[in-house]
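Per-entry structural report
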Amino acid sequence: MIVTCWWNGGDEVAAVASPLGLAGTLASGQVTQVRHPVSLDQLPGGELPVLDAIASDVVTAAGDSGGPLVNHAGQVIGINTYVSPANGADANTSTTGPPANSVGPSGFAIPAVQARSVAEDLIEHGSVPHGYLGLGAKTATDSSATTRENGAEIVTVASGGGAEKAGLKVGDVITAIEGHTITNTPALLAAIHQYRIGDQVTVQVKGRVGTITVTLGPKS
């Protein structure tokens, strides 16, 4: 069974895969973060997708990608996709564990709800029609001594795009999409990546009361 919802930090999970050629292995751990923006490899055409992933401390390695991440009931909550390095090492190829007193690699999985949506689009359309806000943004930071990221600041607005039609302007700082906090540009890209052309999303802008509804369009 596929669980079509976000999971919670601290929940017990397990990865089923074939790391390093060892078929049918099971590694367990906990969800450490949900909605964690992860950039994938550069794709043909120049688009660099950023996905909202499920992060966990399940020990994974080369060969785990494509296997299911399951909860304690055996329900699939994600598809294992990426392993972060431990102390800069390549966790996808190393056959040794992380050095003593180091932070080990983290595993990232595409949420099952997103994976199923992509599969359905590919079956029906042969492609995935991602929606776009119609704007360019940079990470907004405060002016404190410990500079903090606090949103995505709009730097360009495409003529005729969803953002312009909704009244978004250069200089606006986006702080939430569909109620989920946006602290930087990767978080904004990841939040929008799961939606399709024609979908409507609510946008919270710093300093404005209420939300703004934007209809996503094709990439211009």
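Up top you'll find the structure we're talking about.
Here the focus is helix 3 (residues 185-193). The element helix 3 is largely enclosed, with a buried count of 7 among its 9 residues. Looking at helix 3, one finds that the buried residues are Thr185, Ala187, Leu188, Ala190, Ala191, Ile192 and His193. The N-cap residue of helix 3 is Asn184: its side-chain oxygen and the backbone nitrogen of Ala187 are 2.9 Å apart.

With that settled, consider the pattern of salt bridges. Inspection of the entire model under this criterion finds 2 salt bridges. Where Asp172 meets Arg208, a salt bridge forms, and the shortest distance between an N and an O atom there is 2.7 Å. Note that Asp172 is positioned in the loop between helix 2 (162-166) and strand 9 (173-177) and Arg208 in the loop between strand 11 (200-205) and strand 12 (212-215), a separation of 36 residues in sequence.

Moving on to unusual backbone geometry. Residue Glu178 is not a glycine yet carries a positive backbone phi of 55 degrees. Assignment of secondary structure puts Glu178 in the loop between strand 9 and strand 10 (180-181).

Looking now at the nonpolar core. Membership of the largest hydrophobic core comes to 19 residues, with the highest contact counts inside it found for Leu133, Ile177, Leu188 and Val201. Elements with a contribution of two residues or more to this core: strand 8 (149-157), strand 9, helix 3, strand 11 and strand 12. Broken down by element, the residue count for this core peaks at 4 residues, all from helix 3. Once residues within four sequence positions are removed from consideration, Ile177 is found in contact with Ile182, Leu188, Ala191, Ile192, Val201, Thr202 and Val203.

It is worth spelling out the environment of Val203 at this point. Here Val203 shows up in strand 11. Residue classification places Val203 among the buried positions, given a relative accessible area of 0%. Along the sequence, Val203 and Ala163 sit 40 residues apart, while their C-alpha atoms lie 9.8 Å from each other. With residues near it in sequence (within four places) discarded, Val203 still touches Ile174, Ala176, Ile177, Thr211, Ile212 and Val214.

What counts and how
Residues numbered from 1 in each chain as written. Predicted model: local features only at pLDDT ≥ 70, side-chain atom pairs only at ≥ 80, totals over all residues. Heavy atoms only, no water. Buried < 20%, exposed > 50% of the residue type's maximum accessible area, 1.4 Å probe, protein only. Helix = DSSP H or I, 4+ residues; strand = E, 2+ residues; numbered from the N terminus. Polar contact = N/O pair within 3.5 Å; in protein donor to acceptor, adjacent residues only side chain to side chain. Salt bridge = Lys/Arg side-chain N within 4 Å of Asp/Glu carboxyl O. Core = buried A, V, L, I, M, F, W, Y, C linked by side-chain atoms within 4.5 Å. Contact = heavy atoms within 4.5 Å.

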